[in-house]
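Here are the chains, one letter per residue:
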Amino acid sequence: MAEVDLLYFGAVREALGRDGERVDPPSHVLTIADLASWLAERGEPYASALGGDVRGAVEAHMAGPGDSVFGAREVALFPPPGVIA
Amino acid sequence: MAEVDLLYFGAVREALGRDGERVDPPSHVLTIADLASWLAERGEPYASALGGDVRGAVEAHMAGPGDSVFGAREVALFPPPGVIA
Amino acid sequence: MIDVRVQAADFDPGRQLARLEALGNAAVASFVAAAECGEEGLLVEHYPALAKNELAAIAAEADSRWHLAGLILIHRHGRFSSGDRLAFVAVAAPARAAALEACAFLVEALATRAPFWRRESLREE
Amino acid sequence: MIDVRVQAADFDPGRQLARLEALGNAAVASFVAAAECGEEGLLVEHYPALAKNELAAIAAEADSRWHLAGLILIHRHGRFSSGDRLAFVAVAAPARAAALEACAFLVEALATRAPFWRRESLREE
């Protein structure tokens, strides 16, 4: 796949110490889950940051772990959202 | 039992055309249901007014059909309450 | 804080909400009931002594079933035009579920147990 | 009427309720969420484009599931002190059940699906 802009939020962003980056994943990275696994293979802090319950969004729409990131220009990774008690 | 002040509300009051009366029920009138039956035996408009789903209160506390009216000084009879849609 | 009122006068929902917000909890759930009727209006009669007792019982039941910081119940009686406020329920709690469930319970209890009745006929008696 | 807002600014619950009351329905249910945090405050970050889309999707889902006359969703972001308002949900409907159920659904959806996060550390980045 082509280059994709990753956005990080919440604890993922804090663990990675950055709010995003541009990456060029290999062709076997097809889904949100694939993308998180591929990033985790980089080692720390990625392995820890992406090791929990990581959610995603593709082109600013909520996406499940099995949803495609193929051809996407903007993909976000984040922990479970919500701030209401 | 002794004399008791009856209060009528809602459709019961409208059907009877009065908001209450003092009555002296016979000794076999022990419960809210007994009281409604005894009044209905008077014929119209009591039979119609008290023929539906009639609720009660004894001394200003909600009472079921089987609850005692023995010795009560104030008993209310009314249709199912509530005005909220 | 439990505040139960039976009154003819209108109330200000925003001001009532502010009283509960001031308690400093995470969640405030509320409900406003309004009159729906034709141009002839609506007359709501009530049984004052029973209303006082039954609303207090309803409030106490909610307070015992959920962890609440504050609870306001207001039920009006008298003459209403369409759109006029009839009743108000609001609760403050540390958690959203308690606030929402208690509010729903209180509304259902007011709607089915509170001794208020629509006068079918508006003739003066 | 569906009104969905993502904003840094505070809002007035009473004024928002009045907008729904003006629609003339029998029932208005609402919920105010407030911040709970220590003296250091709370920073709520969000993903603006996703927030816009997801809140609109949540509102549309409620509008399709219940018979509603009006719906307001407000979710704030930025810095908060304890007690500050975080979010607001309110719905108007002809019947109490629809208003209460839709309000509870919307609160749960905001609490679990709206793309806002507590910043664990308040260090500036």
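Caption draft 1: Layout of the overall build of chain C. Each helix and strand in chain C was counted, giving three helices and seven strands. Against the compact-globule benchmark of 14 Å for 125 residues, chain C has a radius of gyration of 15 Å, which places it among compact chains. A principal-axis box enclosing the C-alpha atoms of chain C has dimensions of 50 × 25 × 20 Å. Sorting the 125 residues of chain C into buried and exposed places 58% on the buried side. Long-range contacts, defined here as pairs at least 24 residues apart, represent 77% of the contacts in chain C between residues at least 6 apart. For chain C, the exposed area adds up to about 4900 Å²; of that, 49% sits on carbon and sulfur atoms. The average position of the 13 basic charges and that of the 17 acidic charges among the side chains of chain C differ by 4 Å.

Caption draft 2: Spatial organisation of the interface of chain C and chain D. Taken together, the contacts link 27 residues of chain C with 27 residues of chain D. When chain C packs against chain D, close to 2000 Å² is buried across both sides, 55% of that on carbon and sulfur atoms. When the area that chain C buries against chain D is broken down by residue, the three leading residues are Glu21, Arg96 and Leu100 of chain C, summing to 26%. For the pair chain C and chain D, the interface holds four salt bridges. With its nearest N and O atoms 3.0 Å apart, the salt bridge here joins Arg96 of chain D to Glu108 of chain C. Joining chain C to chain D, the criterion identifies nine residue pairs in polar contact (both at pLDDT 80 or more). Among the elements of the structure, helix H1 (13–21), strand E2 (27–34) and helix H3 (96–113) of chain C are those that each provide at least two residues to the side of chain C that touches chain D. If one sorts the elements of the side of chain C that touches chain D by residue count, H3 of chain C sits on top with nine residues.

Caption draft 3: Inspection of the packing of helix H2 (residues 48–65) of chain C against H3 of chain C at higher detail. All names here are of chain C. Packing of H2 against H3 brings their axes to within 10 Å, and their N-to-C directions diverge by 155°. Judged by the inter-axis angle, H2 sits roughly antiparallel to H3. Here H2 runs over H3; the crossing is right-handed. The residues of H3 that touch H2, namely those facing Glu54, Leu55, Ile58, Ala59, Glu61, Ala62 and Arg65, are Phe105, Leu106, Ala109, Leu110 and Arg113.

Caption draft 4: Seen up close, the pattern of salt bridges. Evaluation of the coordinates by the stated rule reveals 32 salt bridges over all chains. The salt bridge involving Arg22 of chain A is made with Glu3 of chain A; its shortest N-O contact spans 4.0 Å. Highlighted residues: Arg22 of chain A in strand E2 (residues 20–23) and Glu3 of chain A in the segment before strand E1 (4–8), separated in sequence by 19 residues. Taken together, the shared-partner salt bridges in this structure form one network comprising Asp10, Arg76 and Arg85 of chain C together with Glu21 of chain D.

Caption draft 5: Main features of the relation of the copies chain C and chain D. The operation relating chain C to chain D is a screw motion whose rotation component is 180°, with 0.0 Å of axial translation and a residual RMSD of 0.0 Å. The two molecules are tied by a two-fold rotation axis, judged by turn and shift. The position closest to the rotation axis in chain C is occupied by the C-alpha of Gly14 of chain C, lying 1.8 Å away. Both copies contact each other with a shared surface, as 100% of the interface residues of chain C are interface residues in chain D too.

Caption draft 6: Layout of the sheet that holds strand E7 (residues 116–119) of chain D. Residues and elements named next belong to chain D. The strand order E5-E3-E7 describes an open sheet built from three strands, whose pairing is antiparallel. Edge positions in the sheet fall to strand E5 (78–80) and E7, since each has one partner strand and no second. On average, each strand axis in the sheet is tilted by 30° relative to the strand beside it, whichever way the strands run. In terms of strand pairing, strand E3 (residues 42–46) meets E5 through three bridges, oriented antiparallel.

Caption draft 7: Geometry of the arrangement of the chains. Across the five pairs of chains in contact, the largest number of contacts is found between chains C and D. Separated without contact, chain A and chain B have their nearest C-alpha atoms at a distance of 30 Å.

Caption draft 8: Just the sheet that holds strand E2 (residues 20–23) of chain B, in detail. The mixed open sheet is built from five strands, whose spatial order is E2-E1-E5-E3-E4 (chain B). Edge positions in the sheet fall to E2 and strand E4 (61–63) of chain B, since each has one partner strand and no second. Neighbouring strand axes in the sheet, compared pairwise and without regard to direction, differ in orientation by 25° on average. Alignment of strand E1 (residues 4–8) of chain B against strand E5 (residues 74–78) of chain B, held across four bridges, turns out to be parallel. Note on E5 of chain B: the bridge partner recorded for Tyr8 of chain B is Leu77 of chain B. Contacts from helix H2 (residues 32–40) of chain B reach E1, E2, strand E3 (55–58), E4 and E5 of chain B within the one sheet, and its direction differs from that of E5 of chain B by about 70°. Taken strand by strand, H2 of chain C contacts E3, E4 and E5 of chain B, and its axis lies near 85° from that of E4 of chain B.

Rules and cut-offs
Residues numbered from 1 in each chain as written. Chains lettered and ligands numbered in written order. Predicted model: local features only at pLDDT ≥ 70, side-chain atom pairs only at ≥ 80, totals over all residues. Heavy atoms only, no water. Helix = DSSP H or I, 4+ residues; strand = E, 2+ residues; numbered from the N terminus. Rg over C-alpha atoms; globule rule 2.2 N^0.38 Å. Buried < 20%, exposed > 50% of the residue type's maximum accessible area, 1.4 Å probe, protein only. Contact = heavy atoms within 4.5 Å. Areas by Shrake-Rupley, 256 points an atom, 1.4 Å probe, with all protein chains shown as cover. Lys, Arg positive; Asp, Glu negative; His and termini not counted. Charge placed at Lys NZ, Arg CZ, Asp CG, Glu CD. Buried area = accessible area lost by both parts, 1.4 Å probe. Salt bridge = Lys/Arg side-chain N within 4 Å of Asp/Glu carboxyl O. Polar contact = N/O pair within 3.5 Å; in protein donor to acceptor, adjacent residues only side chain to side chain. Axes fitted to C-alpha atoms, helices over the stretch in contact; angles between N-to-C directions. Parallel < 35°, antiparallel > 145°, perpendicular 65-115°, else oblique. Left-handed = near helix turned anticlockwise from the far one by under 90°. Least-squares fit on C-alpha atoms with pLDDT ≥ 70 in both. Pairing = 2+ DSSP bridges.

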